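# Coordinate analysis (summary)
For reference, the chains in residue letters:
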Amino acid sequence: MPLDSITEQIAHFIGTFELTTEQARWRDQYEEFVALRRKAELEELEDPTRIQVKAHLKLDPGDFDPLPYKFSGVKADVPPPPAIPGPIEDTSVSFGPEFGPDAYFPDAQFSAMTQLNVVMKPVFETELIGSAVTYTFQKIHLNDNDTVGEGDFRDVEALMAEGQATLQVALTLHAVSPPSIHIMDYQSGEAVELLLDQIYTPVNVEIDGVTVHQFLGEGATGMIVNGEHVDEMPDFLELIPEHHKADIEEEEEDEISEALPAEWDQSEDPEFEDGHSVVAGGNWAVNEVSVSVGWVDAPNIVVGGNSVNLTVVSQVAVVVDVDEGEEGVQSETHVVQASEISSESHAAPWLEDNVADEVEEGEEAEDPLIVIDWISGDLLVTNFIKQVIDATDIDQISAEITASSTAYTLGDNIMTNVTDILQLGSFYDLIIIGGDMISIDVVNQTIVLMDSDVVHGASPTDAEDNLVMNKVSLTAEGEDTHEALSQNMASTIGMQEVDSDALEDALLNDPMYAGTELVRVLKIEGDLLQVNVIEQVTLLQDDDDVYVDTPGGQEVSALGAGNALLNSANVTKMGVDSVVMAQEEEYSEVMLHQASLIDSPEEENSELANEAIAILMEEADAAGDAENLSGASTLTSSEMAAIDDGLQTMLA
């Protein structure tokens, strides 16, 4: 008789339960069976947990009898062994009196027992560093050309072509061209010779309207702003237009509110502000570089070739700001070019502790421990950085405003390139360079602002001003002094790694390291190249056409300016005070070049500046080849293709 569905489910459950119970019972029986079987296999052992191995070994008598020896008790009045003079006294091991006077050794094996001191020479291992080479290319390309309505607007393509031509003019105002980014040019010396030639014979454009400030040697050091020595460097955030200060204050307030619990936020939804506004400017463009290098340095440096130290800062700013419209529409552009080149004394902090212990009368002084790192080729510490911002914010609006409140935001773009490099290596007591020691720091900064607005029917805001700033800070921690090369040190220049013993003997016999505990040496058979090349270019075109009509007679505020542009480079070379002893020539030069060209009705030489720009544009067009310009790139087509692949593109 077939079962119904409910009865069948109950039967199925009972069967499954019985099978599960039986399976558990079988598992217990199986484990008991396995235990009994293993016990039966181990019945012959006395203790299953202990295994005894019996071996019957008997040696031949008389050949392997133990030596007669009697241990004596510890003598409390036995003094400890004397310390070994020198920096490694902890490695002294003494044998002798500790055995006690009752110790016995067979005369056939030991005739006498004397104190034996074994000094183990420690192994001082250093992590040998190699070269550090970085290439950084950053580019922002922005096209934010907005058009609202129809009107008698200027041609956008013509304005963009004029901006590119003005940029080429600005690049010709540099005293030196951007140095090569090819390392082989520095190894061959070609790039160094070219830079030296440009420092002593700079290219100066002698045209009315171009303001040039140039300093050489010690006159280029310190804080210099727009050609004048000052006591304090200007702060970009304190000088920015009012339009951006309000944004920064809002960001700070947002950071504070985010730190508070969420339930504390009782603010209501912001209401749309009354009034009418058009924001066609208010752009933010910043190129910022920070490089901190402390790769290799030493209190004493021996150079087999030339010692070259060159520092060049070249800053150029070109502004075209001629506005058209009602009274008060003309904006004001602040141009700031600031440079700080300085060096600070920094004595090697380990020298005070790197002194051997005093030697008592009648004892010999211990020789210092010599540790040598070898580099067979060149040691390179180079950073090549190029940042470009190419932005056009050409806004055109023609509108009739009839609403109760209106806001047109056509600008307010934020563009930022940031590079931060930190390189930390090792410090030594002595660096020996077989070739040249070359240290080059070059910063080229170019800013071009085109902000010629046409405004009708609107009133300018109180924040109608621009800020253009080039800022450089080069700091060297550790000052170098030059001395004549001694004959003993000169003999170490040509030594190779197979001559390690000869180099060690030369250093041990040099009075410079007498009384020193440890001497760490870096031997470079080739050149030491330390190069930092930074090029920053910012082009912003903010030529706006604003035509508004308000039938109700309401006031409309328009912001055509409010732009903040910054090229900032900060290079810090971390080192120690060094005595440089070069076998050949020594070159050290510092150069600062600041050039500006401003075409604005607020400037006294606005007419001259306008003519200067026209003349320079004609010269650039006459050249017919952008490669002839001082700021033109020297990269090959393959290199340019590789760079473009890694660039950032920003469209709004």
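Just so it is clear, the model here is predicted, and its values are computed rather than measured.

### Overview of the overall build of the chain
Looking only at helices and strands, one finds 10 helices and 31 strands in the chain. Relative to its full complement of 652 residues, the chain shows a buried share of 42%. The contacts of the chain with a sequence gap of at least 6 include a subset with a gap of at least 24, amounting to 90%. Carbon together with sulfur atoms contributes 51% to the accessible area of the chain, which is approximately 36,700 Å² in total.

### Focus on the nonpolar core
Nonpolar side chains in soluble globular proteins generally cluster together in the buried interior. Ranked by internal contacts, the top residues of the largest apolar core, which has 37 residues, are Trp295, Val296, Leu379, Ile431, Ile433, Leu522 and Ile524. Considering each element in turn, this core owes the most residues, 5 residues, to strand E9 (residues 284–297). Leaving out residues up to four positions away in the same chain, Leu379 has contacts with Gly130, Ser131, Trp295, Val296, Leu522, Ile524, Asp527, Leu528 and Leu529. In this structure, Val176, Leu195, Phe384 and Val533 belong to the second largest nonpolar core, which totals 22 residues.

### Here's the deal with the sheet that holds strand E29 (residues 564–574)
The 7 strands are arranged E7-E6-E13-E23-E29-E9-E18 in an open sheet whose pairing can be described as mixed. Strand pairing shows two members of the sheet lacking a second neighbour, strand E7 (228–229) and strand E18 (414–427), which therefore form its edges. Inspection of the sheet shows E9 paired to E29 by 10 bridges, in the parallel sense. Looking across to E29, one finds that Asn287 is bridged to Asn567.

### Topic: the sheet that holds strand E22 (residues 459–460)
One open sheet holds the 4 strands; their spatial order is E17-E8-E28-E22, and the pairing between them is parallel. The open sheet has two free edges, formed respectively by strand E17 (405–409) and E22, since each of these has just one partner strand. Direction of pairing for E22 relative to strand E28 (residues 556–559): parallel, over a ladder of 2 bridges. Its bridge partner being in E28, Ser459 is matched across the sheet by Ser557.

### A closer look at helix H4 (residues 190–200)
Taken as a whole, H4 has its buried residues at Ala191, Val192, Leu195, Leu196, Gln198 and Ile199. Down the axis of H4, the buried set is contained in an arc of 165 degrees. They therefore lie on one face. Counted as exposed and oriented over 90 degrees from the buried face of H4: Glu190 and Glu193. Here the buried face of H4 lies against helix H3 (183–188), strand E5 (210–216), strand E11 (307–320), strand E20 (437–450) and strand E31 (586–599).

### Brief notes about the packing of aromatic side chains
Applying the stated criterion across every chain, the model contains 6 aromatic pairs. Considering the side-chain rings of Tyr186 and Phe384, the 6.2 Å spacing of their centres and the 40 degrees angle between planes classify their relative orientation as tilted. With Tyr186 in helix H3 and Phe384 in strand E15 (residues 379–392), this residue pair connects regions lying 198 residues apart in the sequence. Across the pair, exposure class does not vary: Tyr186 and Phe384 are buried alike. With 5.5 Å between their ring centres and 75 degrees between their planes, Phe236 and Trp284 make a pair best called edge-to-face.

### Concerning the pattern of salt bridges
In the structure shown here, the tally under the stated rule is 4 salt bridges. A salt bridge links Glu242 to Lys245; its shortest N-O distance comes to 3.7 Å. Of this pair, Glu242 and Lys245 both sit in helix H6 (residues 242–259), 3 residues apart, which is roughly one turn of the helix. A salt bridge links Lys573 to Asp441; its shortest N-O distance comes to 2.7 Å. Placement of the pair is Lys573 in strand E29 and Asp441 in strand E20, with a sequence separation of 132 residues. Look at Lys573 and you get partly exposed, because its relative accessible area is 23%.

Definitions and limits used
Residues numbered from 1 in each chain as written. Predicted model: local features only at pLDDT ≥ 70, side-chain atom pairs only at ≥ 80, totals over all residues. Heavy atoms only, no water. Helix = DSSP H or I, 4+ residues; strand = E, 2+ residues; numbered from the N terminus. Buried < 20%, exposed > 50% of the residue type's maximum accessible area, 1.4 Å probe, protein only. Contact = heavy atoms within 4.5 Å. Areas by Shrake-Rupley, 256 points an atom, 1.4 Å probe, with all protein chains shown as cover. Core = buried A, V, L, I, M, F, W, Y, C linked by side-chain atoms within 4.5 Å. Pairing = 2+ DSSP bridges. Arc of directions from axis to C-beta. Phe/Tyr/Trp six-rings, centres within 6.5 Å; stacked < 30°, edge-to-face > 60°. Salt bridge = Lys/Arg side-chain N within 4 Å of Asp/Glu carboxyl O.

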